[in-house]
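Survey of secondary and tertiary structure
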Amino acid sequence: MAALPSSIHVHLLLPMYKDEPISFNKPKSRYRAIVNKLDLAHKVVDEIPQPKAYAWNQLIQTHLSNNHPHNALSVYHGMMLRGIRPDHHTLPRVLTASRLCSNLAFGKQVHAHAFKFGFSSDLYVITALIELYGRLHAVETAKWVLDNAPTSNSVARTILAKLYLVDNKPHLAIEIFNQMLRLKADIDPVALVTAAGTCSLLKSLQQARKVHQIARECGLEFHLLVSNSLMKMYIDCDSLEEARSLFDAMPSRDLISWTEMIQGHVKNGGYNEALKLFRLMTKARIKPDSLTVTSILPACARVPAHKQGKELHAYLFRNGIDMNPTVQNAFMDMYVKSGFIELASNVFTSMVERDIISWTIMISGYSLHGQGAQGLGLFLEMEQDSSLEIDEFTYAAVLHACVTACRVDVGMSYFDRIKAPTVTHCVLMVALLAHAGLFNDARTFIKEHQIENRVEVLRALLDGCRIHQQVTMGKRIVEQLCELEPLNAENYVLLSNWYAENAKWDMVDKLKTTIKDMGLKPKRAYSWIEFRNKVHVFGTGDVSHPRSEMIHWKLQHLMKKMEEGGGDRPSSVFSFHDVDEERECILIGHCEMLAISFGLISTRERATVRVTKNLRVCGSCHDFTKAISKIVQREIIIKDPNCFHHFKNGHCSCGDLW
């Protein structure tokens with residue numbers, strides 16, 4: 001049998017491993033086998049008396065496929081030494097290798113070879129040169145190549161547009177697209193996807209609609225890649241309605257389509273719609289990935305949606321979906337924010353790998369749930385891992401833990417470690433000093449860091465005034481807040497509450513008139529509770545609920561028991577909701593009390609009652625709830641904008657420093 005020509009020998013040999021990257025993670029025997037085959041291929045080419053460019057091209061491509069661009073350049077160098085003339089397949093590959101090696105000098109030599117061998121008009125060479133110069137030199141050099149090329153096509157222009165996006169110049173990228181339209185160039189899916197990405201960066205809804213219209217005219221509106229890009233474009237341009245309209249019209253959708261739409265609804269606060277979409281996606285037998293899961297979890301990070309979060313967690317286990325650290329962190333965050341610190345801790349404990357985000361979420365979670373000491377203990381444990389680099393967010397979490405645990409000495413020590421403290425770190429230090437009643441130290445700290453006129457700092461001081469009943473100082477701070485934020489209704493409510501607490505009703509009425517004349521609308525207090533997949537909302541003095549009579553009867557019964565035990569009504573001064581409004585309403589008419597009572601009469605004995613309030617829990621309700629938890633022997637959890645209050649057996653996790 002006659003021997004095969006050597007070029008055919010190379011052709012048969014290389015495809016056996018050309019698409020398999022060489023990796024030291026593979027078994028050594030496998031790696032050696034691949035290297036041996038490459039050595040054999042080189043030997044075969046070397047033994048060919050007058051090898052064609054084809055054999056060398058195959059070797060160059062093989063090294064590129066195996067992520068060895070330096071070897072590809074060596075092959076080309078050897079090819080030149082042998083006097084082998086490259087063809088139109090050689091130079092684009094070598095230019096790609098030069099780019100991957102970041103070897104601009106070698107790329108320039110290859111550019112010269114393109115002129116020497118007559119390939120300067122080849123479109124593949126031109127596009128490879130555009131990418132080379134755009135990535136390694138400057139996008140303007142890439143534009144010069146395109147402008148001076150004897151010929152070009154839509155691919156070359158699209159590559160240039162992409163390079164402008166990488167260079168954060170979307171206005172120039174969209175100009176390239178408009179130029180393509182003026183030249184009546186072929187518009188392919190990649191060009192449309194690039195244009196859609198440009199509109200996302202520009203946040204231009206007008207341009208977005210224009211790109212969508214072009215896609216429609218080209219018959220590519222429902223090309224899956226294009227549709228997904230158009231959807232994301234509309235979401236980025238704050239037009240969720242148009243994104244949803246396109247999504248609903250799509251004849252077929254993939255995982256990316258569903259994930260984009262879920263992310264869009266979550267971004268716009270449409271949590272319930274996001275959860276509906278997720279259920280529809282799984283019903284359509286589309287398996288979510290880690291990105292989908294992390295996208296939907298913020299919709300579950302609310303007290304009323306905790307059931308969906310738990311169901312999603314179980315779904316992942318049942319379906320064997322990858323529980324990587326990013327997904328586990330997202331679940332921890334969801335459990336923390338929906339009131340299940342124990343479940344968050346379980347996820348944390350089960351993690352094989354923990355990154356700095358894992359530790360930060362857990363430390364912050366303990367603080368949010370009034371367990372600052374545990375947060376500090378966790379930080380000490382984290383410090384033993386030298387591979388973790390503590391960032392500003394972790395320091396903020398540990399300072400928050402110091403505030404919750406009221407550990408001034410520890411907080412000062414950690415603050416001194418921070419190389420460049422942010423305003424957030426400073427506010428937390430003021431909160432720590434104020435919570436401990438160290439107002440002189442707090443004032444000194446504020447002056448040293450020149451943060452006297454920051455409203456966050458004043459509010460942190462005000463919290464300390466409320467805890468330590470520093471009424472006069474508190475009033476001065478509220479007056480400062482009114483000067484700094486004259487259009488913030490909350491500040492006038494704070495001042496009104498001070499006057500109401502001190503029975504200065506003429507000043508309360510005067511402030512009410514001021515608020516009305518300025519057209520300001522103070523927030524009204526609302527509380528809500530989930531029962532049997534329905535959210536029940538209560539306002540102050542609400543009697544609209546179908547079970548209102550039973551709700552009030554239950555509260556009156558509990559109030560009587562509390563009074564028999566000698567309960568006191570604490571101060572509500574410095575509350576962010578209108579206590580004058582609640583003054584006219586007995587305590588059992590406060591919205592959080594109504595929600596708690598509904599929970600007590602609706603759920604089984606000893607079940608935990610979970611309530612959310614849009615404003616801070618008032619002092620009266622806080623103490624009443626402590627008493628209720630002891631009377632009924634139930635855990636009651638109230639989430640307000642500041643923290644979670646876990647009431648159990650007459651105690652609260654906040655240590656009454658809420």
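Treat the numbers as computed from the prediction; the structure is a model and nothing was measured. Residue numbers run consecutively from 1 along every chain, following the written order of its sequence. Reporting in this predicted model follows two pLDDT cut-offs: at least 70 for local features of residues, and 80 or more for side-chain atom pairs to be given and counted; totals over whole chains, interfaces and linings ignore these cut-offs and use all residues. Computation of side-chain values: all heavy atoms of the structure, hydrogens and water removed.

Our next topic: unusual backbone geometry. Positive phi is not limited to glycine here, since serine 102 has a value of about 55°. For the purposes of this entry, the term helix denotes a DSSP run of H or I that reaches at least four residues, the term strand denotes a run of E that reaches at least two, and both are numbered from the N terminus. By secondary structure assignment, the location of serine 102 is in the loop between α5 (90-100) and α6 (104-116). Although it is not a glycine, arginine 606 sits at a positive phi angle of roughly 75°. Taking relative accessible area as the criterion, arginine 606 reaches 56% and is therefore assigned exposed. Only protein chains enter the accessibility calculation, which uses a 1.4 Å probe. A residue is then buried if its area is under 20% of the maximum for its type, exposed if over 50%, and partly exposed in between.

This next bit is on the packing of aromatic side chains. Centre distance within 6.5 Å is the pairing criterion for rings of Phe, Tyr and Trp, where only the six-membered ring of Trp is used; planes under 30 degrees apart are then read as stacked, over 60 as edge-to-face, and the remainder as tilted. With the rule as written, the count across this model stands at 10 aromatic pairs. Connected via pairs of aromatic rings, a cluster forms that spans Phe379, Tyr395 and Tyr414. Counting as a charge over the ring demands two things of the Lys NZ or Arg CZ atom: a distance within 6 Å of the ring centre and an angle within 35 degrees of the ring normal. It is arginine 610 that lies over the ring of phenylalanine 340; its NZ or CZ is 3.7 Å from the centre.

In this description, strands pair whenever DSSP reports at least two bridges between them. In this structure, strand β1 (residues 526-531) lies alongside strand β2 (residues 534-539), joined through six bridges in antiparallel fashion. Residue pairing in the sheet places serine 527 in a bridge with phenylalanine 538 of β2. Hairpin connection of β1 to β2: two residues between the antiparallel strands, including arginine 532 at a positive phi of 55°. Pairing of β1 with strand β3 (residues 609-613), which is carried by two bridges, proceeds in the antiparallel orientation. Along β3, the bridge assignment pairs serine 527 with lysine 613.

Put simply, a nonpolar core is a bunch of buried Ala, Val, Leu, Ile, Met, Phe, Trp, Tyr and Cys residues held in one set by side-chain atoms that sit within 4.5 Å of each other. Within the largest apolar cluster, 163 residues are counted, with the highest numbers of intra-cluster contacts made by Ile130, Leu192 and Phe331. Top contributing element to this core by residue count: helix α25 (residues 423-435), with nine residues. Where each domain begins and ends is defined by an automated method or by a domain database. A domain split of this core shows at least three residues from each of domain 1 (255-345) and domain 2 (489-522). When near neighbours in sequence (up to four residues on either side) are disregarded, leucine 192 contacts Phe177, Ile187, Val211, Ile214, Ala215, Leu220 and Val226. Counting residues in hydrophobic clusters, the runner-up holds 30 residues, among them Phe531, Phe598, Ile601 and Ile636. The criterion used for residue contact is that any of the two residues' heavy atoms lie within 4.5 Å.

With that out of the way, let us pick up the packing of helix α12 (residues 205-217) against helix α13 (residues 224-236). The convention used is that axes are lines fitted to C-alpha atoms, helices contributing only their stretch in contact, and that angles between N-to-C directions extend from 0 to 180 degrees. Packing of α12 against α13 leaves a shortest axis separation of 10 Å and a crossing angle of 165°. If you check the angle between α12 and α13, you find them roughly antiparallel. Where α12 crosses over α13, the handedness of that crossing is left-handed. Counting all contacts with α12, which are made through Leu205, Ala208, Arg209, Val211, His212 and Ala215, the residues of α13 involved are Val226, Leu230, Met233 and Tyr234. Here the word oblique covers every angle except those under 35 degrees (roughly parallel), over 145 (roughly antiparallel) and from 65 to 115 (roughly perpendicular). Handedness of a crossing is defined here by the sense of rotation of the near helix relative to the far one, left-handed for an anticlockwise turn of less than a right angle and right-handed for a clockwise turn.

In the numbering used here, UniProt assigns the feature "repeat: PPR" (unreviewed entry) to residues 52-86 and 254-288. As a span, residues 52-86 carries 74% helix and 0% strand, and end to end its C-alpha atoms are 9 Å apart. What you have in residues 254-288 is 74% helix and 0% strand, and the ends, taken at the C-alpha atoms, are 10 Å apart. UniProt positions are given in the numbering used here, feature names are shortened, and annotations may be inferred rather than shown by experiment.

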